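Residue-level structural notes
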Amino acid sequence: PVMVGSGAPYNGFADMTEYIKTNYLEEWLDIFPGFRESFSSYNGKILMIPFDGDLIHLFYNKDILEYYNFQPPRTWQEYNDIAEQVHNKVFPPTNKTLVGSCLGRAYGAGNAWTAQVLSSMTQTHGASQGSYFDTKDMTPLTSDALVETLKILERQLKNGHPDELNRTIDLNQISMENEECMLSLNWGHAFVQSSNQGRLGVGRVPGSQKVLDRETGKLVTCNKDICPNAVYYDDIGFVNYAPYAAGGWGGAVNGNISDEKKKLAMEFLTFFASKEESRKWVIPKVGSQEYYAGYDAYRLSHMNVEDYVEQGFDRESTDAYLYSIKEGLASPNLVLEIRVPEVVKFGSIYDIAVINHLNTTKGITATDQMRRDVMTDVTANWTKIISDYDARATMEKMEKMLPQYQKLRGVYGELNENKNLIGEVRWVGYALGFVIIAMALLFGGWVAINRKHRVVKISQPIFLHLICFGVVVLSCAIFPLGIDDSGSTERGRDAACASIPWLVSLGLSLIFSALFSKLWRINKVFAAAATMKRVVVTAKDVLTPFAILMTLNFIVLLSWTLVDPMVFERVYTDELTSYGRCVPQGNQWKGFVATLAILNFTALVLVNVQAYHARSINDELSESKYIGLATLSMFQIFLVGIPLLAIVYDTPSAYFFVWCGIIFIICTTILLLIFVPKVIRWKSGASDRSTTANKFSSNWSHGNNASSAPSHSSQVENKNASRGDKRVSFDDKESELIHREKMDEIKDLVMEKHNIDITSIILKVERADEAVPVADDAQPESMADESA
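A brief look at the structure comes next. (Residues numbered from 1 in each chain as written. Predicted model: local features only at pLDDT ≥ 70, side-chain atom pairs only at ≥ 80, totals over all residues. Heavy atoms only, no water.)

**Re the overall build of the protein**
- Broken down by element type, the protein carries 32 helices and 18 strands.
- Split into buried and exposed, the 788 residues of the protein put 51% on the buried side.
- Expressed as a percentage of contacts within the protein between residues at least 6 apart in sequence, the contacts between residues at least 24 apart total 76%.
- Accessible area of the protein: about 37000 Å², with a carbon and sulfur share of 57%. (Helix = DSSP H or I, 4+ residues; strand = E, 2+ residues; numbered from the N terminus. Buried < 20%, exposed > 50% of the residue type's maximum accessible area, 1.4 Å probe, protein only. Contact = heavy atoms within 4.5 Å. Areas by Shrake-Rupley, 256 points an atom, 1.4 Å probe, with all protein chains shown as cover.)

Listed below in structure tokens is the structure:
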């Protein structure tokens, strides 16, 4: 698998994806995800079939560990502390001189041990992040992490086998078999090949308490935010573990042979890697000479401890071995080998630099500058390899190293994809939302503070508050509209999508029903006044339509949410271009949307009907003119906005901005047209009541064709004469002023107690030329109760 990056860019390996899906899927899914998805794939294509599952484990002598009352090391600091305490001591049970750490480091052998230490500091968020190079820009991950790695290696060598720098991996295994070594690192086959069953301990490779800050190049203390996959211990805090998997052996098919030969080769590879065949190599009998190639477990079916016990393995040790495999390969922070083109050059430079440094500093105390010189040289040489390759790739019209590295890590699309995120325009939309909410709260507060003022009273405060509340609810839809998959969880995105219909529909319903109820109440009162009938119209009487509309909206929205909720999804238009959107999970949403549209459009129509009937009532009581303007504005914005939404549907930033514009215009238009005229009247002070009363009377009479009615003054005089009554006449200005003051007191009392203005009614009764016959049992018209 380490060679995948070298062959894939040249189409050297055949794509086995379809063959495996068709003929080998069940067997394929039995392979550990890390091996089948990462090591065997390039840019989403399966190019190799695993035969082996190399993973570095910690090995220790259980008898020595227990004798000295140690626990398996959790960090590299603890590893070196334990090695130092037992190094060169004589172990009484065997009378052997112990070695603290046994790691063969000859050229080509120690590369993996160095990589294991370095990776525990450079990789915290999984293989997609990279442990040698940053997957974002191919920056070498050396700096302070490599300096600290050299410190750890120096101490390991100090307490290690005297021949480490000249020996290969055989040193690790032989030293453990001879029971002269306390700690070592090795691949899994060291356990299977061991004759010390029951005495050989296997566990997780140590981790680091400090990790690399890629922005500063410095090491920082690990915490749950920096190291999301770390393990927390009460005594030492967070430890970042990075299990190192080399990928082992694998089989590929030449991409330049005939299809017939490709198929035959794939059949052979899938047979050799099958559950049944692979078990012979992975789980041989203890001591069997058949096991010579070093095949490690790589399938889920290789995790059955009974299979090992049947072959003579110790149950307790095997449990620990299999647990270490599962824990490592299932780790979200699994480390993968580089596998890029020029991988051999990278490894060679790295290996030689480390071996030379350890040879130079053996027996002396290395300085920090010596370590930094090694780090600088490795970084410079790695950077040169990358630049040389990229220059050659440009000339040969091939991909540069970075996109190949990203494809090998499975992040090419993620890092290079144009996701069409909402971006900075989100904050513009949120600002508009806060402006709307601030305006609604400001006008709502003004109504509450001035609720006893005549201008506010006659405008029916309860409905003004409902309008403000509806505007706030509608404007809140801006905030979930601005959520996408940048900085949010899948659950949060789905919840945001599901909330949008609720906020939009309920917000509009609150506004429309409040306007309807407010106008309906006024129209009922003035309709009764035209016939001189007694009528009592309270706010409660006209809230029924409001309650019905809100209830119907709630039922439809709840049904929609339960049956076919909106969820967030990402739609790909090509390999590197996508956009996010809120979509229903099924097809039932059309019926729900149609029902909500009918309900709210009907409410809007009814509002306009009531506004038309109230067109002749003074604007101080009915806002019909302003409501008509607001409605016209809504129709215009929907006429322009809905087609725009369809045009920019696949461009989230524009789609969001258009939605914000629609909501902002609707909300501000309603608030400004309903409240600003009232604020102006309130600020200018109370107008002359007589003048205002004449306006009310004149407007209402004109609206009801009262001017065309014949004069009935003689009828009234005859009626009054027959009852022994006389009409009141004013012989002087003083009497008339006294009468006016009494009438004003009555109007103020009715307004205070019942929030009703009766100016026009008093005038109709007083004016003889506009009076109508009144029956003996008739009562003066009033919109108040008996006390009024």
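**Observations regarding the packing of helix 8 (residues 143-158) against helix 15 (residues 343-361)**
- The contact between helix 8 and helix 15 brings their axes to 10 Å, and the two run at 50 degrees. Here helix 8 is positioned oblique relative to helix 15, judged by the angle of their axes. For the crossing formed where helix 8 meets helix 15, the hand is right-handed. Where helix 8 approaches helix 15, its residues Leu146, Leu150, Leu153, Glu154 and Leu157 are matched on the opposing element by Tyr350, Val354, His357, Leu358 and Thr361.
- For the contact of helix 8 with helix 15, the class distribution of residues is seven nonpolar, two polar and one charged. (Axes fitted to C-alpha atoms, helices over the stretch in contact; angles between N-to-C directions. Parallel < 35°, antiparallel > 145°, perpendicular 65-115°, else oblique. Left-handed = near helix turned anticlockwise from the far one by under 90°. Nonpolar A, V, L, I, M, F, W, Y, C, P; charged D, E, K, R; others polar.)

**Description of the packing of aromatic side chains**
- In total, this model carries 31 aromatic pairs according to the counting rule given.
- When the centroid spacing of 5.8 Å and the interplanar angle of 85 degrees are considered together, the rings of Tyr132 and Tyr350 count as edge-to-face. You can see Tyr132 sitting in the loop between helix 7 (111-122) and helix 8 and its partner Tyr350 sitting in helix 15, a full 218 residues away along the chain. For the pair Tyr132 and Tyr350, a shared accessibility class is recorded, and that class is buried.
- On the basis of an interplanar angle of 45 degrees and a centroid distance of 5.0 Å, the ring pair of Phe133 and Trp382 is categorised as tilted. Taken together, the residues Phe133 in the loop between helix 7 and helix 8 and Trp382 in helix 16 (residues 368-395) connect sequence positions 249 residues apart.
- According to the relative accessible area criterion, Phe133 is buried, its value standing at 0%. (Phe/Tyr/Trp six-rings, centres within 6.5 Å; stacked < 30°, edge-to-face > 60°.)

**Focus on the state of the cysteines**
- On inspection of all chains with the given rule, the structure shows three disulfides.
- Disulfide partner of Cys102: Cys181, at an S-S distance of 2.1 Å. On the sign convention where negative is left-handed, the bridge of Cys102 and Cys181, at about 125 degrees about the S-S bond, is right-handed. Of this pair, Cys102 sits in strand 7 (residues 99-102) while Cys181 sits in strand 8 (residues 181-187), and the two are 79 residues apart along the sequence.
- Since its relative accessible area comes to 0%, Cys181 is described here as buried.
- At a sulfur-sulfur separation of 1.9 Å, the disulfide partner of Cys222 is Cys227.
- Overall, the relative accessible area of 1% leaves Cys227 in the buried class.
- Numbered by position along the chain, the disulfide-linked cysteines of the protein connect as 1-2, 3-4, 5-6. (Disulfide = S-S within 2.5 Å.)

**Focus: helix 12 (residues 275-282)**
- Those residues of helix 12 that sit buried are Glu277, Ser278 and Val282. Burial along helix 12 is one-sided: seen end-on, the buried residues are contained in an arc of 130 degrees.
- Residues of helix 12 that are buried sit in contact with helix 10 (189-192), helix 11 (259-272) and helix 13 (305-310). (Arc of directions from axis to C-beta.)

**Some points on the nonpolar core**
- Membership of the largest hydrophobic core comes to 72 residues, with the highest contact counts inside it found for Ile663 and Phe675.
- Non-local contacts of Ile663, meaning those with residues more than four positions away in its chain, are made with Ile436, Leu474, Ser475, Ala477, Ile478 and Leu481.
- If you look at the next biggest cluster of nonpolar residues, it comprises 66 residues, including Tyr60, Leu150, Tyr405 and Leu408. (Core = buried A, V, L, I, M, F, W, Y, C linked by side-chain atoms within 4.5 Å.)

**Digging into the environment of Val435**
- Inspection of the secondary structure puts Val435 in helix 19 (residues 425-449).
- On the basis of relative accessible area, Val435 is assigned to the partly exposed category, the value being 38%.
- Placed 233 residues apart in sequence, Val435 and Thr668 show a C-alpha to C-alpha distance of 9.2 Å.

**Description of the pairing of strand 8**
- Counting buried positions along strand 8 yields seven of seven residues, so the element is predominantly enclosed.
- Judged from the five bridges that link them, strand 4 (residues 56-61) and strand 8 form a sheet pairing that is antiparallel. Each residue of the ladder has a partner; that of Ile56, found in strand 8, is Trp187.
- Direction of pairing for strand 7 relative to strand 8: parallel, over a ladder of three bridges. Paired with Ser101 across the bridge in strand 8 is Leu183. (Pairing = 2+ DSSP bridges.)

**Examining the sheet that holds strand 4**
- Within the open sheet, the four strands sit side by side as 7-8-4-9. Their pairing is mixed. Of all the strands in the sheet, the pair left with one neighbour each is strand 7 and strand 9 (200-203). Neighbouring strand axes in the sheet, compared pairwise and without regard to direction, differ in orientation by 20 degrees on average.
- Sitting on the sheet, helix 9 (residues 170-177) touches strand 4, strand 7, strand 8 and strand 9, and the angle it makes with strand 8 is about 135 degrees.

**Considering unusual backbone geometry**
- One non-glycine residue, Ser143, lies in positive phi territory at about 40 degrees.
- Mapped onto the elements of the fold, Ser143 is located in helix 8.
- The backbone of Glu179 shows a phi angle near 60 degrees, a positive value even though the residue is not glycine.
- Counting through the fold element by element, Glu179 comes out in the loop between helix 9 and strand 8.

**A few points about the environment of Leu481**
- For Leu481, the position within the fold is in helix 22 (residues 478-481).
- With 19 residues separating them along the chain, Leu481 and Ile500 place their C-alpha atoms 7.0 Å apart.
- Excluding anything up to four places from it in sequence, Leu481 contacts Ile422, Ile500, Phe656, Trp659 and Ile663.

**Points about the environment of Gly251**
- One can find Gly251 in strand 15 (residues 250-251).
- In sequence terms Gly251 and Ser40 are 211 residues apart; their C-alpha atoms lie 9.2 Å from each other.
- Those residues in contact with Gly251 that sit more than four places away from it in its chain are Met16, Leu47, Met48, Ile49, Phe51 and Leu269.

**Description of the packing of helix 21 (residues 461-475) against helix 28 (residues 652-684)**
- Their axes nearest at 10 Å, the elements helix 21 and helix 28 cross at an angle of 160 degrees. Relative to helix 28, the element helix 21 lies roughly antiparallel. At the point where helix 21 passes helix 28, the crossing takes the left-handed sense. On helix 28, the residues touching Leu464, Ile467, Cys468, Val471, Leu474 and Ser475 of helix 21 are Ile663, Ile666, Cys667, Ile670, Leu671, Ile674, Phe675 and Lys678.
- Across the contact of helix 21 with helix 28, the residue classes tally to 12 nonpolar, one polar and one charged.

**With respect to a nonpolar patch on the surface**
- Together, Phe554, Ile555, Leu558, Leu562 and Val563 line one region of the surface with nonpolar side chains, adding up to about 480 Å² of accessible area.
- Inspection of the secondary structure puts Ile555 in helix 24 (residues 544-563).
- On the basis of relative accessible area, Ile555 is assigned to the partly exposed category, the value being 46%. (Patch = residues over 30% accessible without salt bridge, like charges linked within 9 Å, V, L, I, M, F, W, Y side chains within 5 Å. Salt bridge = Lys/Arg side-chain N within 4 Å of Asp/Glu carboxyl O.)

**Things to note about the side chain of Ser317**
- When you line up the elements, Ser317 lands in helix 14 (residues 315-329).
- A distance of 3.5 Å separates a polar side-chain atom of Ser317 from the backbone nitrogen of Gly198.
- For Ser317, the contacting residues outside a window of four places in its chain are Lys62, Phe191, Gly198 and Leu200. (Polar contact = N/O pair within 3.5 Å; in protein donor to acceptor, adjacent residues only side chain to side chain.)

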